[in-house]
Amino acid sequence: MTSTPTLENTAPGKTALYDTVLHAIRTHTQAENPSAFLAMSRGTSAFTAPGLDGVIAYRRAGRYLVQFGGPFAAADSYRPLLDRFVAHAHGQGLRVVGAQLQRHDAQAYAERGFTVNQFGSSWVVHLPDFTLRGTRFMRMRNKISRAFRSGLQVREVPAEDVAGAIHEIDTAWLGSKGADARPLEFLVGELGGPAQQHRRLFVGTIDSRPVGYISYSPVYGSRAGWMHDLSRRIPDGTPGLMEAINSHVIDIFRAEGAQWLHFGFTPFTGLDAANELPGHSPSFRWLMHFLWEQGAALYPAQTQLAYKEKWAPQAPIPEYVAFDGPASVAAFAHIFRACNAF
Amino acid sequence: MTTDTTETTATAAPTEADALKQQLVESLMGVIGAPDDLDTARRADDVLHTLDTRLAAEPAAA
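None of these values were measured; they are calculated from a predicted model. (Residues numbered from 1 in each chain as written. Chains lettered and ligands numbered in written order. Predicted model: local features only at pLDDT ≥ 70, side-chain atom pairs only at ≥ 80, totals over all residues. Heavy atoms only, no water.)

J.: I'd like a description of the packing of helix H2 (residues 75–91) of chain A against helix H3 (residues 103–112) of chain A, backed by residues and values.
T.: Residue and element names in this part refer to chain A. Interhelical geometry of H2 versus H3 gives an angle of 60 degrees and a closest axis separation of 12 Å. In terms of orientation, H2 lies oblique with respect to H3. Here H2 runs over H3; the crossing is right-handed. Across the interface between the two elements, Tyr 78, Arg 79, Leu 82, Asp 83 and Val 86 from H2 touch His 104, Asp 105, Ala 108, Tyr 109 and Arg 112 from H3. (Axes fitted to C-alpha atoms, helices over the stretch in contact; angles between N-to-C directions. Helix = DSSP H or I, 4+ residues; strand = E, 2+ residues; numbered from the N terminus. Parallel < 35°, antiparallel > 145°, perpendicular 65-115°, else oblique. Left-handed = near helix turned anticlockwise from the far one by under 90°. Contact = heavy atoms within 4.5 Å.)

And the structure:
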């Protein structure tokens, strides 16, 4: 017997599932997945098995169960839970594909016979060492100053108090992306739902008009801190808006003693042959490089990395995709399908 | 700097691997366009595995 409900209708104290997933991502941090809080998103399912301490977060897309990260599980439950999950998928005629696996996960999956390849990297800044001083940041300092001189004010607010403002920004943002644009999910953060109490939302306004926001999610493990998660702004707005909001928040986090600000995963970035594991697919590795160079229509990796690199992050942390069997174009595409990209 | 060797400046002809890479990209687009089509998925994976074999024989080309 296994359990695979979603967190859609759960809430702290209301169902065991919410507390189980939260406990798992807080406790089983050996993989150091900075995006672990994505397991708390509504619409993401949680696989558990009796007698095993941990959860697997996933969504179904077509013929695939698309897993986020590795199992968030105790060491002695990690492999048995993965085995049960794979059997659960195969029992329904489905295949498993894992995304955003960390190095720890990648090695475990490769040992189990998965084909594992680097998918991209996540990026992080050590806050106690962070400074915007120096010539490297001169241009960004100027943009931030211009944003604040334009009247930008940044406030931390409860999401439920600014639902109208968020909707206004989201609508304008999505409209600027083209007629076929769809908001991404699953491997991208969200606002609202029972997990909202753990996130922090900062909204920028100019003349009381909402112009942008950044949501931060908690990160657990040895690089605990915050994840610069969902962020959106109105188009054609003041230059440096998001940089100004994030700079303001960095000051707050530093004052609070936070150690790490994560910028999260960007596909196709930080690729390095040295990160690959034995048995990887050389074709898939080539494809990741190709998509870095020419895959903006699938995912705007270069634009996203340009923003993250403004903050002088540390060396990239490789993240992986794991195929249940040989590498598969179809399985890879279904990661993006699970994210609502198509 | 001078050299007594004959320089070859002509563009190299597309190799079999180059053609397979092009097919791989087109296959990905095909799957995105028809994600539930099993034949499209199988053909895409066939291209990838053929290219894997080709690149494995020439690791420097990957």
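J.: Give me the lowdown on helix H2 (residues 38–57) of chain B, citing residues and values where you can.
T.: For H2(B), spanning 20 residues, the distance from its first C-alpha to its last is 29 Å, which sits close to the expected 28 Å at 1.5 Å a residue. Every buried residue belonging to H2(B) is among B:Thr40, B:Ala41, B:Ala44, B:Asp45, B:Val47, B:Leu48, B:Leu51, B:Asp52 and B:Leu55, and all of these are buried. Relative to the axis of H2(B), the buried residues are bounded by an arc of 150 degrees and lie together on one face. For H2(B), the exposed residues lying more than 90 degrees away from the buried face are B:Leu38, B:Arg43, B:Thr53 and B:Ala57. Residues of H2(B) that are buried sit in contact with helix H7 (282–294) and helix H9 (329–338) of chain A together with helix H1 (16–33) of chain B. Sitting at the amino-terminal end of H2(B) is B:Asp37, which places a side-chain oxygen 3.0 Å from the backbone nitrogen of B:Asp39. (Expected span 1.5 Å × (residues − 1). Buried < 20%, exposed > 50% of the residue type's maximum accessible area, 1.4 Å probe, protein only. Arc of directions from axis to C-beta. Polar contact = N/O pair within 3.5 Å; in protein donor to acceptor, adjacent residues only side chain to side chain.)

J.: Could you give an account of empty space enclosed by the protein, naming the residues involved and the relevant values?
T.: All names here are of chain A. Going through the model one piece at a time under the given rule, you end up with two cavities of 30 Å³ or more. Quantified by volume, the largest cavity comes out at close to 50 Å³. Residue lining of the largest cavity: Ile 25, His 28, Thr 29, Ala 31, Glu 32, Asn 33, Ala 36, Phe 72 and Tyr 220, and that is the complete set. Here the lining of the largest cavity is built from residues that sort into five nonpolar, three polar and one charged. Lining the second largest cavity, in full, are Phe 37, Leu 38, Ser 41, Gly 189, Glu 190, Arg 199, Ser 217 and Asp 229. For the lining of the second largest cavity, a count of residues per class yields two nonpolar, three polar and three charged. When residues of the lining of the second largest cavity are assigned to domains, at least three fall in each of domain 1 (16–122 + 266–302 + 313–338) and domain 2 (125–264). (1 Å grid on protein atoms, 1.4 Å probe; cavity = no way out; pocket = protein on both sides within 12 Å on 5 of 7 lines; lining within 4 Å. Points joined across faces, edges and corners; volume = space filled by probe spheres on them. Nonpolar A, V, L, I, M, F, W, Y, C, P; charged D, E, K, R; others polar. Domains from an automatic or database assignment.)

J.: Let's hear about the pattern of salt bridges: which residues, and what values?
T.: In total, this model carries 14 salt bridges over all chains according to the counting rule given. Close ionic contact of A:Glu190 with A:Arg42 constitutes a salt bridge, the shortest N to O distance being 3.2 Å. Here A:Arg42 lies in the loop between helix H1 (16–27) and strand S1 (45–47) and A:Glu190 lies in the loop between helix H5 (163–175) and strand S7 (200–206), a separation of 148 residues in the sequence. For A:Glu190, a relative accessible area of 16% puts it in the buried group. The salt bridge involving B:Arg42 is made with B:Asp39; its shortest N-O contact spans 2.8 Å. With a gap of three residues between them, B:Arg42 and B:Asp39 both fall in helix H2, about one helical turn apart. Classification of B:Arg42 as partly exposed rests on a relative accessible area of 48%. The network of salt bridges with common partners includes A:Arg42, A:Glu190 and A:Arg199. (Salt bridge = Lys/Arg side-chain N within 4 Å of Asp/Glu carboxyl O.)

J.: Describe the interface of chain A and chain B, with residues and values.
T.: Contact with chain A, which involves 22 residues of that partner, is made by 20 residues of chain B. Interface area for chain A against chain B, summed over the two sides, is near 1,900 Å², with a carbon-plus-sulfur share of 72%. Where chain A packs against chain B, one counts one salt bridge. Where B:Asp36 meets A:Arg337, a salt bridge forms, and the shortest distance between an N and an O atom there is 2.8 Å. Counting the contacts that link chain A with chain B gives eight residue pairs in polar contact (both at pLDDT 80 or more). (Buried area = accessible area lost by both parts, 1.4 Å probe.)

J.: Tell me about the side chain of A:Thr238, and please be specific about residues and values.
T.: Residue and element names in this part refer to chain A. Structurally, Thr 238 is set in the loop between strand S9 (225–233) and helix H6 (241–256). Residue class for Thr 238 comes out buried when judged on its relative accessible area of 16%. If near-sequence neighbours (up to four positions away) are discounted, Thr 238 is found in contact with Arg 146, Ala 147, Ser 150, Ile 206 and Arg 233.

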